[in-house]
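# Structure assessment
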Amino acid sequence: MEKFVITIARQHGSGGRLIGESLARSMGIAYYDKELISLTAKKTGFAMDFVKEVEEKQTSSFLYSIYAAATIPSVYEQARNAQFAVIRELAEKGPCVIVGRAADCVLRGMTNCIRVFVHAPLEERIRRARDEYHEPMDNPEKALQKKDKSRAAFYNAYSEYPWGDLRNYDMALSSSIGIEPTARIIQAYVEARLGRQ
């Protein structure tokens, strides 16, 4: 099978992870999301909890970015760079879907990297986060904004354009039509694109 990677950036609650899983299953290719934490831990020897913490800390504040720039290299940077190396290694191995972690930026320049952004209406995102992800939400809109702000901060550190900017992606689509239909649209696009090359 031809080597390609599908990266999925997504709004929190849009179902991007579920879409990625469905897409990988339908195409018979590997799927990576939280697995990247364990793969990075294995590569670095860092504890999985620490690698997960790094993902959260990297996006947490402007002060962290100053701290990271001042230490050469910090353990946080070592873990982050190791995760980026893992993403590149997975892309080299062959067809896969990678969700989040600025994978589209990490794989910038890779010919057969299909970059997707998944979004959804706010009410659907709130419902999914509450009913499917079982996230406690006193203020649902604020909780989603916080998650998206965190993702954007991480992504924007590595991207030429802001998170969610259409110039970063080959396609952007709303998951409001459902998880499986959205996955099928992405698959049709990927197959058409690869068929043209």
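How each quantity is defined
- Residues numbered from 1 in each chain as written.
- Predicted model: local features only at pLDDT ≥ 70, side-chain atom pairs only at ≥ 80, totals over all residues.
- Heavy atoms only, no water.
- Pairing = 2+ DSSP bridges.
- Helix = DSSP H or I, 4+ residues; strand = E, 2+ residues; numbered from the N terminus.
- Axes fitted to C-alpha atoms, helices over the stretch in contact; angles between N-to-C directions.
- Buried < 20%, exposed > 50% of the residue type's maximum accessible area, 1.4 Å probe, protein only.
- Salt bridge = Lys/Arg side-chain N within 4 Å of Asp/Glu carboxyl O.

Here five strands make up an open sheet; going across it, the order is E2-E3-E1-E4-E5 and the pairing parallel. In this open sheet, the two edge strands, each paired with only one partner strand, are strand E2 (30–32) and strand E5 (171–174). Sheet twist, expressed as the mean angle between neighbouring strand axes with direction ignored, is 20 degrees. Here three bridges tie E2 to strand E3 (residues 96–99), and the two strands are oriented parallel to one another. Pairing of Tyr32 across the sheet is with Ile98, part of E3.

Turning next to the side chain of Gln187. Within the fold, Gln187 resides in helix H9 (residues 179–196). A residue is classified by how much of its surface remains accessible, and Gln187, at 14% relative accessible area, is buried.

A complete count under the given rule lists 10 salt bridges for this structure. With a shortest N-O distance of 2.3 Å, Arg125 and Asp148 are connected by a salt bridge. Here the residue Arg125 occupies a position in helix H7 (residues 122–131), and Asp148 occupies one in helix H8 (residues 140–156), the gap between them amounting to 23 residues. For the pair formed by Arg125 and Asp148, the shared burial category is buried. Two residues, Arg127 and Glu132, come together in a salt bridge whose shortest N-O distance is 3.1 Å. Residues joined by salt bridges that share partners form a network here, namely Arg127, Arg128 and Glu132.

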